[in-house]
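# Secondary and tertiary structure notes
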Amino acid sequence: MDNKKFETLMYFLVKRAARESFVDFIDNIGLTMDDYAEIKKYLKDTYGIKTYL
């Protein structure tokens, strides 16, 4: 897998979700901000992937 392409995808998915309300987006998909923080940390630590938020 190309990590740079994955990072670009994650960046723009999160950016798109943040246009209206990122907190509402996270809530609507059944996650908490703590869940998202864990996912974000995992992506950064495991793959070096950075997200928009």
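Anyway, here's the lowdown on the structure attached to this text. (Residues numbered from 1 in each chain as written. Predicted model: local features only at pLDDT ≥ 70, side-chain atom pairs only at ≥ 80, totals over all residues. Heavy atoms only, no water.)

### So, the overall build of the protein chain
Each helix and strand counted, the protein chain has three helices and zero strands in total. If you list the helices and strands of the protein chain from N to C, you get α-α-α. Whereas a compact globule of 53 residues would reach a radius of gyration of roughly 10 Å, the protein chain reaches 11 Å, a difference of no more than 12%. Once the C-alpha set of the protein chain is aligned to its principal axes, its extents read approximately 30 × 20 × 15 Å. When each of the 53 residues of the protein chain is scored for burial, the buried share is 19%. Across the protein chain, every contact between residues at least 6 apart in sequence was considered, and the portion connecting residues at least 24 apart equals 55%. Accessible surface, the protein chain: about 4200 Å² in total, of which carbon and sulfur atoms supply 55%. (Helix = DSSP H or I, 4+ residues; strand = E, 2+ residues; numbered from the N terminus. Rg over C-alpha atoms; globule rule 2.2 N^0.38 Å. Buried < 20%, exposed > 50% of the residue type's maximum accessible area, 1.4 Å probe, protein only. Contact = heavy atoms within 4.5 Å. Areas by Shrake-Rupley, 256 points an atom, 1.4 Å probe, with all protein chains shown as cover.)

### Remarks on the packing of aromatic side chains
Applying the stated criterion to the full structure yields five aromatic pairs. For the ring pair Tyr11 and Tyr52, a centre distance of 5.3 Å and an interplane angle of 85° mean the geometry is edge-to-face. With a gap of 41 residues between them, Tyr11 in helix α1 (residues 3–18) and Tyr52 in the segment after α3 (33–47) connect regions that are remote in the sequence. According to the relative accessible area criterion, Tyr11 is partly exposed, its value standing at 30%. Residues Phe22 and Tyr36 carry aromatic rings whose centres are separated by 4.9 Å and whose planes lie at 70° to one another, so their mutual orientation is edge-to-face. Taken together, the residues span a long stretch of sequence, with Phe22 in helix α2 (residues 22–28) and Tyr36 in helix α3 at a distance of 14 residues. (Phe/Tyr/Trp six-rings, centres within 6.5 Å; stacked < 30°, edge-to-face > 60°.)

Coordinates in, geometry out; function isn't part of it.
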